[in-house]
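A look at the structure
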Amino acid sequence: MGAVRATEPESHALSGQHLRLKLAAVRLLTSAPIDRLLRNRRIPYGAARLLRVRIPDHSVASGTAAAVFFGVYEPSERRSIQRGFPVDLPIVELGSGIGVISSLLAFSMTKGPLVCVEANERLHDILCDNIAGNNPHGVEVHVVGKAVGASAGAGVFLRDDDHLGSRSATSEPTGDGSKLVEVQTVTLAELTDQFSEYALICDVEGAEAAFIFAPDGLQGCAWMCIELHDTTWDGQPRSIDDLHAGVLAHGFNLEYVDGSVRVYSRPGAGADERAGE
């Protein structure tokens, strides 16, 4: 994959006043009455409004449908992907949720496969439905009902019934509607061992430390769009800066920054075809 070396990475940021105004507008636009009007419809999505995604009445937090419609659902990740990604490589998406970002990927992919890893089995039906409606090239899609971890086996995760996913749990539920569930875990190396090269999309609430700090954790990865989170690894607190340094140690270059989402590429990984939506 052809790498873009960035001594001064591109960045998308908002000023304090601009951010406050935008957050106020988002709260208004994603209010419950507006959200209810958009549930169980094929909502236009993406920069050119070419995609159609459906948000069900159940298992998804209030405001999600409106957030998708108005373009404020995972905006940093969406903008990062729409800049262009290697559409001719296999893509592994960790934390696929309801398939909004998955649909954005499938819409432009030319080869596949697209591997969607989502531990919350309650989201699999809508995830598959959304991808199926936005896959014009018929790329092969695999949904893996596991969570990424440092080793394969069983893990305990905290699932919020009104949330889009799950996250690693180190304590008991806090009375906010969350519950502990056991899920099977899989390593990134196991997910990608059949690929000589692949691209990675990742939003797993801190579990990215499992492969960032593993010596061969990113073997074969040529490009990635990843949301970094402050987390704890090996008993030690790890900051976003620590995770960023860990990615660079694998030989990646930073291309783009949008909040906590970063795009990296690795030099000398071969040629690719880049496309956004």
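Located above this text is the structure these notes cover.
Described in the following lines is the structure provided in the data block.

Definitions and limits used
- Residues numbered from 1 in each chain as written.
- Predicted model: local features only at pLDDT ≥ 70, side-chain atom pairs only at ≥ 80, totals over all residues.
- Heavy atoms only, no water.
- Phe/Tyr/Trp six-rings, centres within 6.5 Å; stacked < 30°, edge-to-face > 60°.
- Helix = DSSP H or I, 4+ residues; strand = E, 2+ residues; numbered from the N terminus.
- Buried < 20%, exposed > 50% of the residue type's maximum accessible area, 1.4 Å probe, protein only.
- Lys NZ or Arg CZ within 6 Å of the ring centre and 35° of its normal.
- Pairing = 2+ DSSP bridges.
- Salt bridge = Lys/Arg side-chain N within 4 Å of Asp/Glu carboxyl O.

Here we look at the packing of aromatic side chains
This model, assessed by the stated rule, comprises two aromatic pairs. Arranged with centres 5.0 Å apart and planes meeting at 85°, the rings of F69 and F70 form a pair that is edge-to-face. Measuring from centroid to centroid gives 6.4 Å for F252 and Y264, while their planes differ by 75°, and the two rings are edge-to-face. Taken together, the positions of F252 in the loop between α9 (240-249) and β16 (253-258) and Y264 in strand β17 (residues 261-265) put the pair twelve residues apart, joining distant regions of the chain. Given the relative accessible area of 3%, F252 is considered buried. Residue classification places Y264 among the buried residues on the basis of a relative accessible area of 0%. Across the ring face of Y256, the terminal group of R83 is positioned such that the distance to the ring centre comes to 4.3 Å. Positioned above the aromatic ring of F213, the side-chain terminus of R238 is 4.6 Å from the ring centre.

Brief notes about the pairing of β16
Among the six residues that make up β16, six are buried, leaving the element largely enclosed by the rest of the structure. Pairing of β16 with β17, which is carried by five bridges, proceeds in the antiparallel orientation. Residue pairing across strands places V257 opposite R262, the latter belonging to β17. Here β16 hands over to β17 after two residues, with G259 in that stretch at a positive phi of 65°.

Comments concerning the pattern of salt bridges
Tallied over the full model, the rule gives four salt bridges. A salt bridge links R42 to D129; the shortest N-O distance between them is 2.9 Å. Of the two residues, R42 sits in strand β2 (residues 42-45) while D129 sits in helix α6 (residues 124-132), which places them 87 residues apart along the sequence. Assessed through its relative accessible area of 24%, D129 is described here as partly exposed. Salt-bridge contacts for D258 lead to R79; the nearest nitrogen and oxygen are separated by 2.7 Å. Of this pair, D258 sits in strand β16 while R79 sits in helix α4 (residues 75-82); the two residues are 179 residues apart in sequence, bridging distant segments of the chain. We note that D258, like R79, is buried. Three or more residues joined by partner-sharing salt bridges are found here, namely R42, R54 and D129.

What to know about unusual backbone geometry
Residue P113 is reached from G112 by a cis peptide bond, and omega for that bond is 0°. Notably, N40 is not glycine yet its phi reads approximately 55°, a positive angle. Position of N40 among the secondary structure elements: in the loop between α2 (32-38) and β2. Of note, E74 is a non-glycine position whose phi angle comes to about 45°, a positive value.

Examining the pairing of strand β13 (residues 221-227)
Remember that side chains alternate between the two faces of the sheet whenever the strand is regular. By the criterion of burial, β13 is predominantly enclosed, with seven of the seven residues buried. Two elements, strand β12 (residues 198-202) and β13, share five bridges in a ladder whose sense is parallel. In the strand pairing of β13, C202 is matched with I226. Bridge count between β13 and β17: five bridges; the pairing is antiparallel. Paired with E227 across the bridge in β17 is V261.

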